[in-house]
Amino acid sequence: MDKLLIEGGTPLAGEVAISGAKNAALPLLCAALLTREPLTLTNLPALNDIDTMLKLLAQMGVKVEKVGAGGTASATANAVTLDASGLDNPVAPYEMVKTMRAAVLVLGPLVARCGEARVSLPGGCAIGARPVDQHIKGLTAMGAEIAVEQGYVHATSPRLKGARLFTDMVTVTGTENLMMAACLADGDSVIENAAREPEVVDLANCLIAMGARISGAGTDVIRIQGVARLHGATHRIMPDRIETGTYLCAAAAAGGQIRLTHTSASYLDAVIDKLMDAGCAIAIEHNALTLKAPPRLKAVGIRTAPYPAFPTDMQAQFMAINAVADGTAVIRETIFENRFMHAVELIRLGADIRIDGNTAFVTGVPKLDGATVMATDLRASASLVIAGLVARGETLIERIYHLDRGYENLEQKLAALGARVKRVK
Ligand code: UD1
C-alpha cells in the first residue's frame, strides 16, 4: 500500500491550479442517469472516487467515454461523456458502494428514470453512522415503495409524484438525491430545509441545462416542477472549494506565499475569514487567490455547520494549523460524531490536543516533530499532510488511498509549491 513521505520545514512558494470539485462531480455524474441523451462534464478531477462512480455507472449500462478538449477520445482527458440510453441494470452493489458513500446518489435518479433501484447501504469514510433515512423518507413521500432488505434499499415506483419534502437535518447528498428525483416526477415538489452548498447549486444549474425546472437552489427552499423527460447537455464542474482551502491551510502552516488559480473565493468566505483572523494576508482575484503566511499563526476557534457556515470538510485542516499557532483554539464539530480521528495522529507529531465530546481544545506548540502516522479518512489525511509539511524531520503517512479518493495529483501539486514530498510503495 502506498505511503507518503514528507520532509517538513520548507515554506511553500509558487502557483497551482485547483481541480474540479469532487463533491460536485459525483452528483453530476449521477444526473446522467436521468436522460437517454449524452451528458458531457468538463473539468472532471482524476480521483479514485470518480473512477468508482464511473465503474458503477458502466455496470448499470451507461456508456462512459473520456474525451479530450477537442472532443477526441483520450485516457488522460478531464472531460467525460455519459450516455445512459442503454441503462438496463439499476443496481448499485455493495462492493462498489462500500468504498464511497456518495454512491447513494444513484438512488433518486434510478427510481425516477427506471421505476426501480436496488442500492446497497453505504460505507465510505468512517466518520460516524451517516444513515440515509432522509433520502428514503423523501422518496417515500414521492410515492416510492421502499424495502430495506439484506443491506440493500429496494425502491420501486411506476412514476414518482411531486411532493412537499422536509428533511430533519440539512443533508447535502439527501437534497441532491431528492432534487434529481423530483425533476422527473409527476407534478411539483418543494424541498424544505434544503442544503445551500455551492455543489447543490452546480447540480441544479446542470439539471436546468438538461431541461429541468428548478428554482431556489442555494436557498433552503428548492422548488421543482417535474417534466416528462430531460435532454443532454454540456456542463463545466465548479472548482473544488475544499481542495482550495486545504492548500491555503498548507501554506498558512508551512509559511511562504502561494497563488491558487482556476478557483474562486466566493464559496470560501467562512474559511478565508478564519485564515485572515489567524494572521494570513489573502488577495482575491476573479479566478485566483494568493495567501501570504504570517511569521506565526494565531489560534482560531471554529464551529462546523452547514453552508454558508464553516465546512466540516475543513475542520481537520484547521486542527493542523492550530496545532502550531499561538494560543488555544476551541474546535466544535456539529455535523458528524467521531470526526476527530486525526487528533490522535496529530498528537503523535507533538500536538497538544484535548478532546471532550464534539469539542477539541488545541493549544499551539512552536514545532511539531516528524513521525509515522496513519490516515483514517479523506480530510483527516489532509490534516496530516499539513502537519507533516510543518514538522521537523520526516513524516510517513500510511494508508494514503484516502487522499487519492479526493486530492488530484497531490504530490505533484505540493512539489510545484516546493514541498519535499514523495510517494513510496
Ligand atoms: C456531504 C459531502 C461530505 C461533507 C458532508 C457535510 C458529498 C459527496 N459529500 O456528505 O464531504 O462532509 O456533506 O457537509 O457531497 N444524515 C442523516 N440521515 C440522512 C442523511 C444525513 O442522519 O439521511 C446526517 C449525517 O449522518 C450527518 C448530517 O446528516 O450527521 C449531514 O450529512 P450529509 O449532509 O448528508 O452528508 P453527505 O451528503 O453524506
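This one's a predicted model, so the numbers in the text were calculated from it and none came from an experiment.

Below, the discussion takes up the site of the ligand. In the neighbourhood of the ligand, 19 residues make up the surrounding shell, with Arg101, Asp133, Thr173, Asp313 and Ile335 lying closest. Within the backbone of Gln134, one N or O atom sits 2.7 Å away from an oxygen atom of the ligand. One of the backbone nitrogen or oxygen atoms of Val172 is found 2.8 Å away from an oxygen atom of the ligand. If the ligand stood free it would expose 740 Å²; the protein chains cover 88% of that surface. If you list the elements that add at least two residues to the shell around the ligand, you get α5 (133–141) and α6 (172–183). With 3 residues, α5 is the largest single contributor of residues to the shell around the ligand. By residue class, the composition of the shell around the ligand is 8 nonpolar, 6 polar and 5 charged.

Membership of the largest hydrophobic core comes to 77 residues, with the highest contact counts inside it found for Leu29, Val106, Met179 and Leu207. Counting residues in hydrophobic clusters, the runner-up holds 72 residues, among them Ala251, Ala343, Val390 and Leu414.

In this section: the pattern of salt bridges. This model, assessed by the stated rule, comprises 18 salt bridges. A salt bridge links Glu243 to Lys413, with the nearest nitrogen and oxygen atoms 2.7 Å apart. Of this pair, Glu243 sits in helix α8 (residues 241–254) while Lys413 sits in helix α14 (residues 410–416), placing them 170 residues apart in sequence. An identical accessibility class is assigned to Glu243 and Lys413; each is buried. A salt bridge links Arg339 to Asp313; its shortest N-O distance comes to 3.0 Å. Taken together, the residues Arg339 in the loop between β19 (328–332) and α11 (341–348) and Asp313 in the loop between β18 (302–303) and α10 (315–323) connect sequence positions 26 residues apart. Asp313 carries the same exposure label as Arg339, and that label is buried.

As a further point, take the sheet that holds strand β7 (residues 116–120). The strand order β6-β7-β9-β8 describes an open sheet built from 4 strands, whose pairing is mixed. On the outer flanks of this sheet lie β6 (91–92) and β8 (145–149), each paired with one strand and no other. Direction of pairing for β7 relative to strand β9 (residues 152–156): antiparallel, over a ladder of 5 bridges. Bridging across to β9, Val119 finds its partner in Val153.

Within α11, burial applies to His342, Ala343, Glu345 and Leu346. For α11, the angular spread of the buried residues around the axis is 170°, confining them to a single face. In this structure, the buried side of α11 is in contact with α10, β20 (352–356), β22 (372–374) and α12 (378–390). Within two residues after α11, Gly350 carries a phi angle of roughly 105°, on the positive side.

What follows concerns the packing of α10 against α12. Interhelical geometry of α10 versus α12 gives an angle of 20° and a closest axis separation of 7 Å. One finds that α10 runs roughly parallel with respect to α12. For the pair α10 and α12, the crossing hand works out as right-handed. On the side of α10, the interface is formed by Ala316, Gln317, Ala320 and Ile321, while α12 contributes Arg379, Ala380, Ala382, Ser383, Ile386 and Ala387. Looking at the contact of α10 with α12, its residues break down into 7 nonpolar, 2 polar and 1 charged.

Time to look at empty space enclosed by the protein. Taken as a whole and judged by the stated rule, the model has 1 cavity of 30 Å³ or more. Computed from the structure, the largest cavity encloses a volume of approximately 50 Å³. What lines the largest cavity is Thr246, Tyr247, Ala250, Ala382, Val385, Ile386, Leu389, Leu410 and Leu414. Broken down by secondary-structure element, the contributors of at least two residues to the lining of the largest cavity are α8, α12 and α14. With 4 residues, α12 is the single largest residue contributor to the lining of the largest cavity. By residue class, the composition of the lining of the largest cavity is 8 nonpolar, 1 polar and no charged.

Parameters and conventions
Residues numbered from 1 in each chain as written. Predicted model: local features only at pLDDT ≥ 70, side-chain atom pairs only at ≥ 80, totals over all residues. Heavy atoms only, no water. Near = heavy atom within 4 Å. Polar contact = N/O pair within 3.5 Å; in protein donor to acceptor, adjacent residues only side chain to side chain. Areas by Shrake-Rupley, 256 points an atom, 1.4 Å probe, with all protein chains shown as cover. Helix = DSSP H or I, 4+ residues; strand = E, 2+ residues; numbered from the N terminus. Nonpolar A, V, L, I, M, F, W, Y, C, P; charged D, E, K, R; others polar. Core = buried A, V, L, I, M, F, W, Y, C linked by side-chain atoms within 4.5 Å. Buried < 20%, exposed > 50% of the residue type's maximum accessible area, 1.4 Å probe, protein only. Salt bridge = Lys/Arg side-chain N within 4 Å of Asp/Glu carboxyl O. Pairing = 2+ DSSP bridges. Arc of directions from axis to C-beta. Contact = heavy atoms within 4.5 Å. Axes fitted to C-alpha atoms, helices over the stretch in contact; angles between N-to-C directions. Parallel < 35°, antiparallel > 145°, perpendicular 65-115°, else oblique. Left-handed = near helix turned anticlockwise from the far one by under 90°. 1 Å grid on protein atoms, 1.4 Å probe; cavity = no way out; pocket = protein on both sides within 12 Å on 5 of 7 lines; lining within 4 Å. Points joined across faces, edges and corners; volume = space filled by probe spheres on them.

In short, the description is geometric, and any link to function would need to be established separately.
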